[in-house]
Amino acid sequence: MPRKTDEMFFELHPRPTNGEDGRPLLYARPAAQRKMTMKDVKNSSAFRGINGAMIDIAFETFMDVCSKWLAEGYRVETPLGVFSPKIKLEGDFTDPSKIKGKNVKFAGIEITPSKKFVKLVGYNKIRFCKKPTSVGNIQMQNEAFMADALRHSMKAGFTTIRNFMALSGLKYHSAQRYLESLCSCENPVLRKEKIGGSFHYFPL
């Protein structure tokens, strides 16, 4: 029976278009780090008493059969939804006679969830909970904020990506790109040095 306490954490990110106040419009998406694995599936109460190896075999067998059908261009209907092959043309064409098999490329698998599956997800009566983090990387547009975050992260005479993350609110790769940009710009203000397996950034 679905838990009444289910909740989905979400985070906010800026869209490329601005609202009437001149600030970026926002969109919501599930918090990226939340995930369940096959181990969680096998340990769930729904599969209690079923041999974990049998569950693995069922998934592997389905993938083996389904992949062959998809490779032949079939749509595969399942209780989860419909799996369809995606293809695309490589290049721009206007004349059909010039398109050969070599001009077509496999572009992945499209999954359209079944109505029953969507209904079951909705039946859980999801409660949404905003994750208390900065909105995407919108803080990067505030030069004063970023400069202040960098200054505070330099209290030890240098900073690291993780130290700067904590003070700027940026995710790891965004914090790394920002620090790298200050090392490689036309008038660099930082230099980096690898110490003990991690990069340290020193002011110039």
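Report on the accompanying structure.

1. What to know about the overall build of the protein
If you tally the helices and strands in the protein, you get 6 helices and 8 strands. Along the protein, from the amino end to the carboxyl end, the secondary structure elements read β-β-α-α-β-β-β-α-β-α-α-α-β-β. Counting only residues that meet the buried cut, the protein has 21% of its 204 residues in that class. Across the protein, the fraction of contacts at a sequence separation of at least 24, relative to all contacts at a separation of at least 6, is 39%. Approximately 15600 Å² of the protein is accessible, and the part contributed by carbon and sulfur atoms is 57%.

2. Focus on the pairing of strand β8 (residues 198–203)
Of the pairings in the sheet, the one linking strand β7 (residues 190–195) to β8 comprises 6 bridges and is antiparallel in character. Each bridged residue has a counterpart across the sheet, and for Ile195 the counterpart in β8 is Ser198. In sequence, β7 turns back onto β8 through a hairpin of 2 residues, with Gly196 there showing a positive phi of about 60°.

3. Digging into the nonpolar core
Among the nonpolar cores identified, the biggest contains 14 residues, and Leu150, Phe164, Leu170, Tyr178, Leu179, Leu190 and Tyr201 are the most heavily contacted of them. Among the elements of the structure, α4 (143–153), α5 (161–168) and α6 (172–184) are those that each provide at least two residues to this core.

4. As for the packing of aromatic side chains
Within a pair of aromatic rings, the relevant descriptors are the distance that separates the centres and the angle that separates the planes. Taken as a whole, this structure holds 3 aromatic pairs when the rule is applied. Aromatic pair Phe62 and Phe83: ring centres 5.7 Å apart, planes at 65°, arrangement edge-to-face. Placement of Phe62 in helix α2 (residues 52–71) and of Phe83 in strand β4 (residues 81–89) is noted, with a sequence separation of 21 residues between them. Judged by its relative accessible area of 12%, Phe83 falls in the buried class. Seen from their ring centres, Phe164 and Tyr178 are 5.4 Å apart, and the 15° between their planes marks the pair as stacked. Highlighted residues: Phe164 in helix α5 and Tyr178 in helix α6, separated in sequence by 14 residues. Pair check on accessibility: Phe164 and Tyr178 agree, each one buried. The side chain of Lys192 reaches across the aromatic face of Phe199, ending 4.3 Å from its centre. Cation over ring: Lys194 sits above Phe199, and NZ or CZ is 5.7 Å from the ring centre.

Parameters at a glance
- Residues numbered from 1 in each chain as written.
- Predicted model: local features only at pLDDT ≥ 70, side-chain atom pairs only at ≥ 80, totals over all residues.
- Heavy atoms only, no water.
- Helix = DSSP H or I, 4+ residues; strand = E, 2+ residues; numbered from the N terminus.
- Buried < 20%, exposed > 50% of the residue type's maximum accessible area, 1.4 Å probe, protein only.
- Contact = heavy atoms within 4.5 Å.
- Areas by Shrake-Rupley, 256 points an atom, 1.4 Å probe, with all protein chains shown as cover.
- Pairing = 2+ DSSP bridges.
- Core = buried A, V, L, I, M, F, W, Y, C linked by side-chain atoms within 4.5 Å.
- Phe/Tyr/Trp six-rings, centres within 6.5 Å; stacked < 30°, edge-to-face > 60°.
- Lys NZ or Arg CZ within 6 Å of the ring centre and 35° of its normal.

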